[in-house]
Structures are given as C-alpha cells and as structure tokens.
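Understanding the architecture of this molecule
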Amino acid sequence: MKKHFKKTAMLLLMVLMVVTMSVSVQAAVKLNQTKASLYPGKTVTLKVTGTNKKAKWTSSNSKVAKVNSKGKVTALKKGSAVIKAKIGKKTYSCKVTVKAPALSQKSVTVAVGSQVTVKLNGTTIKSVSTSNKKIATVDKKGKITGKKTGKCTVSFKGKDGKTYKCSVTVTAKKPAPTATPAPTATPVPTATPVPTATPTVTPVPTATPAPTATPAPTATPVPDNSKEIQSCKYSIGEYRREAADFLEVLADNEYKTNLQTILTEAKSLEDESEDLDALKKMEESLKVKLEELEDLGTITSVTVDGETKEFRIGWDSDSEGLQENAVYVTTIEPSLGTVEITAENKAKDSLEIQVTDVADEKYEKLVTVTNQKTGSARIWKVYDSFDAAECFNVLDVKGEQVTRFLVSPEPGDDPIVVIFGMQKKIPDDITLTVRDGVKYSITRNGETYGHCGTITMTYKNKTYEYILSYDIEPSLITVGHINGDDIVTWDINNARNEINVYGVAEALTDIEVSGTDPDDKITVTKNEQGLVDGITVYSEKYNLSRTYTVSYYKENNIKELTTDGYKVSTEATVLEYFRFVPSVTGTYNILGTGDVPYGRINIKLWHRGEELASTTDGNLENVQLTAGNVYYVELWQMSTDCDITLTVSMNGTASPSALDEIAVQSEDSFTDEEGLADIEASDEEGFSSESDFESEPQDTIDSSDESSELENSASEEEVAGDFY
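This text gives an overview of the structure that appears in the document. Predicted model, so just to flag it, every value in this text is computed and none were measured.

1. Details of the sheet that holds strand β11 (residues 107-111)
One key point about sheets: their strands pair by backbone hydrogen bonds, in either a parallel or an antiparallel sense. If you trace the four strands from one edge of the open sheet to the other, you get β11-β18-β17-β14, paired in mixed fashion. What marks the edges here is a single partner per strand, and that holds for β11 and β14 (125-130). The sheet shows a mean angle of 25 degrees between the axes of neighbouring strands, direction not considered. Across five bridges, the pairing between β14 and strand β17 (residues 150-158) is antiparallel. Bridge pairing in β17 links Ile125 to Gly158.

2. A few points about the pattern of salt bridges
For the coordinates displayed, the defined rule picks out 20 salt bridges. One salt bridge in this structure joins Lys233 and Glu274, with 3.1 Å as the shortest N-O distance. Here Lys233, found in helix α2 (residues 226-244), pairs with Glu274, found in the loop between α3 (254-272) and α4 (276-293); they are 41 residues apart in sequence, far enough to count as distant. The class for Glu274 is exposed, based on a relative accessible area of 53%. Here Arg608 ties to Glu512 by a salt bridge, and the two come within 2.8 Å at their closest N and O atoms. With Arg608 in the loop between β45 (601-607) and β46 (610-615) and Glu512 in strand β37 (residues 512-515), this residue pair connects regions lying 96 residues apart in the sequence. Linked by salt bridges that have partners in common, Asp485, Glu512 and Arg608 make up one network.

3. Concerning the pairing of strand β26 (residues 377-386)
β26 sits mainly inside the fold: eight of its ten residues count as buried. With six bridges connecting them, strand β22 (residues 326-331) and β26 associate as parallel partners. Bridge assignment links Val329 to a residue of β26, and that residue is Asp384. Pairing geometry for strand β25 (residues 365-371) and β26, over six bridges, is antiparallel. Bridge pairing in β26 places Thr368 opposite Ile379. Where β25 folds back onto β26 in an antiparallel hairpin, the turn is made up of five residues, including Gly375, whose phi is positive at roughly 90 degrees.

4. Let's talk about the packing of aromatic side chains
Taken as a whole and assessed by the stated rule, the structure comprises seven aromatic pairs. With a centroid separation of 5.3 Å and 5 degrees between ring planes, the pair formed by Phe392 and Tyr464 is classed as stacked. Pair noted here: Phe392 is in the loop between α5 (388-391) and β27 (396-398) and Tyr464 is in strand β33 (residues 462-472), with a separation of 72 residues, a long-range link. Judged by its relative accessible area of 1%, Phe392 falls in the buried class. Where Phe580 meets Tyr588, the ring centres are 5.9 Å apart and the plane angle is 70 degrees; that geometry is what we call edge-to-face. The residues Phe580 and Tyr588 share a single accessibility class, namely buried.

5. Comments concerning α4
The terminal C-alpha atoms of α4 lie 26 Å apart, and with 18 residues this matches the ideal 26 Å at 1.5 Å per residue to within 8%. Those residues of α4 not exposed but buried are Leu276, Leu279, Met282, Leu286, Lys289, Leu290 and Leu293. The buried residues of α4 occupy one face: seen down the axis, they fall within an arc of 150 degrees. Looking at α4, the residues exposed on the side facing more than 90 degrees away from the buried face are Asp277 and Lys281. Capping of α4 at its N-terminal end is provided by Asp275; its side-chain oxygen lies 3.1 Å from the backbone amide nitrogen of Asp277.

Reading guide: rules and limits
Residues numbered from 1 in each chain as written. Predicted model: local features only at pLDDT ≥ 70, side-chain atom pairs only at ≥ 80, totals over all residues. Heavy atoms only, no water. Pairing = 2+ DSSP bridges. Helix = DSSP H or I, 4+ residues; strand = E, 2+ residues; numbered from the N terminus. Axes fitted to C-alpha atoms, helices over the stretch in contact; angles between N-to-C directions. Salt bridge = Lys/Arg side-chain N within 4 Å of Asp/Glu carboxyl O. Buried < 20%, exposed > 50% of the residue type's maximum accessible area, 1.4 Å probe, protein only. Phe/Tyr/Trp six-rings, centres within 6.5 Å; stacked < 30°, edge-to-face > 60°. Expected span 1.5 Å × (residues − 1). Arc of directions from axis to C-beta. Polar contact = N/O pair within 3.5 Å; in protein donor to acceptor, adjacent residues only side chain to side chain.

Spatial relationships are all this shows, so hold off on functional conclusions.
Pasting the structure below:
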C-alpha cells in the first residue's frame, strides 16, 4: 500500500512539473505609461513592454513635447501632445500634458524662526523678493524664513519673464511645554474633640451695624481697536508695494514725484502710527491711486514706415519689476524705421503719445504715453524682433526638370529646402527667387541626391543658412495600386521606400501591382520561401526606377458582419475590420448610429486592397456592392466614450438575407487617457521626425535609403503636410 501511494505521489509531482514548465505566459504589448503630466524642461522615458521589436517614436506636437528614438520625452511648453510608438502596423499612444510653470505652493504658513521651501516648477528662478523683510525673508533657492508675526507676499521672477507670488503667514513661535508639577499629598484630617458641656449664659444684645459706604463709580473701558489698526496697516503695505512697482515704468515728472511722496508717507504711517483715522485715510488714498496706476493704458497697434506690424508685450532683459515694459515688433528688417504707436486705457482718457529714437541701447525706440487727465506718463521700450524665417524665405526655385520644392524655414530646426525633380541628380542650374535685397550662394558638397549642400543668405547685417536636399518626384515612379483576393489594405511610405500589406492569408505569395503610369514596368521579387519581399517600378518615360521593400501582416481579428454582434472590451484595438459578403447586388448604406461625436468615427470600405469609399462622420451611404464579392469594412473609433451600432443595409426594400447588423458597444467605459493607450492602426505615410536621411548617388532608388533629409528637420505636419 505504501509503495502504491509513493508511486502515485511521484507521478502527480512529475505531471505538475511538466505542466508548470510548459505554461508560457505571454505579456501583453503595451506602453509603460498611457498618460504623463510634466512641467517644461522635465522628461519622462516611455517604453514598449512585451516585445523586443524596435519602436518608431513620433510626437503629434513637437513644439509642446518632443521624443527621441529611445522614447525619451522632453516637455517644452504648455499644451498637450500624443506620443506614439509604432511597431509594424500597431501604434501605442501616451497623452502628455505639459503644465504651465507654477509655484509648488501659492500660500504657506511658517512660525517665527522656522523655514519652508517653495519651488518654481517649469522654469528657473531669476530673482526673488519679499514685500516685508521684517516679517519674512527669502533666498534664491526659495527658502522662506519667518521673522515676526504678520503677513507678506514673496515674489519669484522666472527666466520666462513672469512673476509668481506666494502669500506668507508668519505665526508666533510655539513655547516649549511646561512640566506638570507632582500632585500635593492630601493631609490626614484631625479627629474632632468631644465638646464640653457649656453652662447657659444670658445673651448680650446685638449692636446696631454701621451703614455701608457707597462704592466709587467704575471708569468707562477704552475700546480695543488694535486688530483694526493692524489690518489697516497690512492693507496699506500691500497697496504701497503694488503702487511702488509702477515707478519703473513711469517717466520722471510731477505725477511720479507726487506718487513717491505718498508712498513715503504711507511707509511712515505703516511703521509708526496708531491713529486709526489717519491710517484709514491713507488706505483709501492708496487704493484710489493704485486703480489709477492699473489703468495707465496699453499699446493697441504698431506701424513701421506706414505698414501695420505684429507685436507682443513683455519684459525687457534688464527689468527687475513686475510690470511689462517692452514692445517687441516683428519685422523683416534688421532695424526699425519710422514707428507710430496707438494706445488706450479703460477709462478712454485722452492720451498723448511720443516716440523718440534711442542710441547705444538694446531697444531702438522709447515711447511715452501721457494721460492728459491724470498727468501720468508711462514709458515703453520698443525692440526690433527680426523674423529671419520670413526675411530669408524662398519664394521660388527654377532648374532643369524641377517639379516643385518645399521649405522648412524654422530657426533652430535645421532649416531645409527640398527640391523635387524628374532626373536622377540635382540640376546644375538651380536658381532661387528671394526677397528684394537678399543675396544667396549655393555650396555643393559633391552629392547629387539627398543632402547636396547648403544655401547661405545675407541681408544687410543678417545671415541665414539652409540645408539643400534633392529628391526624385515620388509621383513619377511609385506604386499606384496593389490588389489581391486575400488583401485587406496596404500603405506606402515613399520617404523610406517601404510598403506594408495587410491580408487574411497566412503569407503573401502573390500580388497584382500597377504604377501611376500605365507604361510603368513592375517587377515583383520573392525570397527563397516564395514570399513577396520587394517591388521595383521602372519608368521608361523618365528612365528612372524605384525599389520598395514589402512587409506583410496577417489580420487575425476580422469579424463577420452578422446579427449576433460583438462587444468591444478594454483590450480591443481602436481599428476594427469586418468582413461582409452581400447576397444581392445593389446600393448599400453603412451607418454608424448612436451617440457618435461628429468626425470621431472613420469608416472605410475595401475590396481586394482597393479603397472604394470612406467617411469621417460615421455614415457611408450609396455604395455599389456586387453579390458574392468579399468586402472589408474598416471602423476606426477615434472616441471611445460612446456606444456605436454599425448597420449595413441595402437601399430601398431589402430581403432579410441582404441585411446584416452588428452592434459595437462599449462594455467598459473608457476614459480619454485609456482610449489613447489603445493600440491604434495608422496609415502614416511620409516622414518621421526621428530619422536621418542616408543616401548615396545611384541610378536606382534603393530600398536601403532609410529616410529623407527632410525627416531630420521636421515632421510632415510641421513642414508642408503629406509630401507624397
């Protein structure tokens, strides 16, 4: 019996070990984060887990947040961007929100002698100040030290030119706790003696009491108004400091002198006076003066040499105050000509404006706006904000067989001019059309394709440089159509010479290909296993050829359009495919009904790899379908917070066999962030901002050309949309 039990136990243990070793848990492919919130300058690194394949990273708004080839995201300025990692056909997304710079705390409470640190997130502290050093001090690291009880305001000026304020309340230092004395022992009561018998005595008559003296009257108490005085002094201090901040932007005149006198008197009352009436009078006077200062007026328009210019208001680099004092005028000239300014205030007072030239300063003009009613005179410094991209813009490109050109003139983003043509190398006779007065020179680097050299432009004392790049016009030699019975859809990237094919077969063994010109010659190449791996297009007309690499992906999750329906779970992809075979030839409607936001539901209809129709509003109407043909309906939910019913029906009276319906309903409610984390299938064509152009001069455009020079400068959205 024992031997039988041992054998049985051993057998069970061996089975358990085999089962354990054979179980393979495949982790889901996903991003390590689906949302992130950052301040400018901060970074976060995204990773795709569950796969060893290399991802291609892109940002929907590289001016808000950029991403490098390793998934490191850097926040640049306030806004939002979607960071995408593409692996094959699948795209994984993370929503990045970049917050505006802000203090870690807008108000703090600190005891006398104690310290608290406030951080400025999103920018660097340029300078700090306190409205009352007797109450609290602050250093450049944001460390605030309480000095005496009261309230004050600590200001942080960032390198972005903005000022951030923190309200500080300083409380009394808590006294050390006093030790509790030991309880005193209760004395033992003395025994009461037994009373001795007292003989009876005749009582003595009671004396008449003397009359009680009348008490002196109580003095009337003096009211305690110390709290009201303290509150009044606090308001005076706040008004005085805010008014003093305008001194930097006021011209020297009688108005400014009177203001300085008032501020001096206010400081004296704040420090020494206990006269409540005098304090209230000064408080009201400062309040009125501050309202007047806050309506000095602002600039409403700027013209230079009679032409209206764009401008912005800000701080100049030498400003230490909180009031904006600079006007930056956008021009294409290295210096300002005749400047005219208009200004107004809320009270619509009469304002006199004077513009004077300034020498030996960073700014070129000084504007004085004088209020004829109050006598105040506000000054503005006018700077020339030179627009290099506009001044040195390329207006036209001419050359032998040049078809078009694209310009990305953003300073700091590797400005580039891409020329497209019908020959294999960049023409020798390239000429540019530029603005009057601008001179240019072209320096060749010996290359005839891709990065061919530089364009240097000069205008007066300014210089600007472009990268010069050349590419064969993609529309001349490219694939126009790819068809096959088992093909669902396909996409092409002319920048990388890549084609992706998606189908239902196990492998891609045969396809039908045509070019954009009926006379183009097509060659389909296969590998040793007989699978399609390349396509070459040759144009006899231009004597040019282009070779593409072909990748195939099988679609495993295509659903049949039946009345049974199916539900989307939180693991489902945003992009869905449905197979539909009509039994009757006729005109059909494909409708997405329900709570569908307009423009958030994309529907496309495919047949043998050919896109027949598409819509972005969820309603595809009046499409002609043939009985027995296999059609694929592509549903792309850009919004996952709605229920959708996708209906395919024949127009007019339809038999039951000609009607199929599928309900696409959200089983679990999605949040926007979770929806962004869903895998997206995208038809991205064109350029990636993360790639570099690498190409050698050659007669054939080889598929090893990984990308265009333009990819290194900007994404297709930032340069000129879809190039190809």
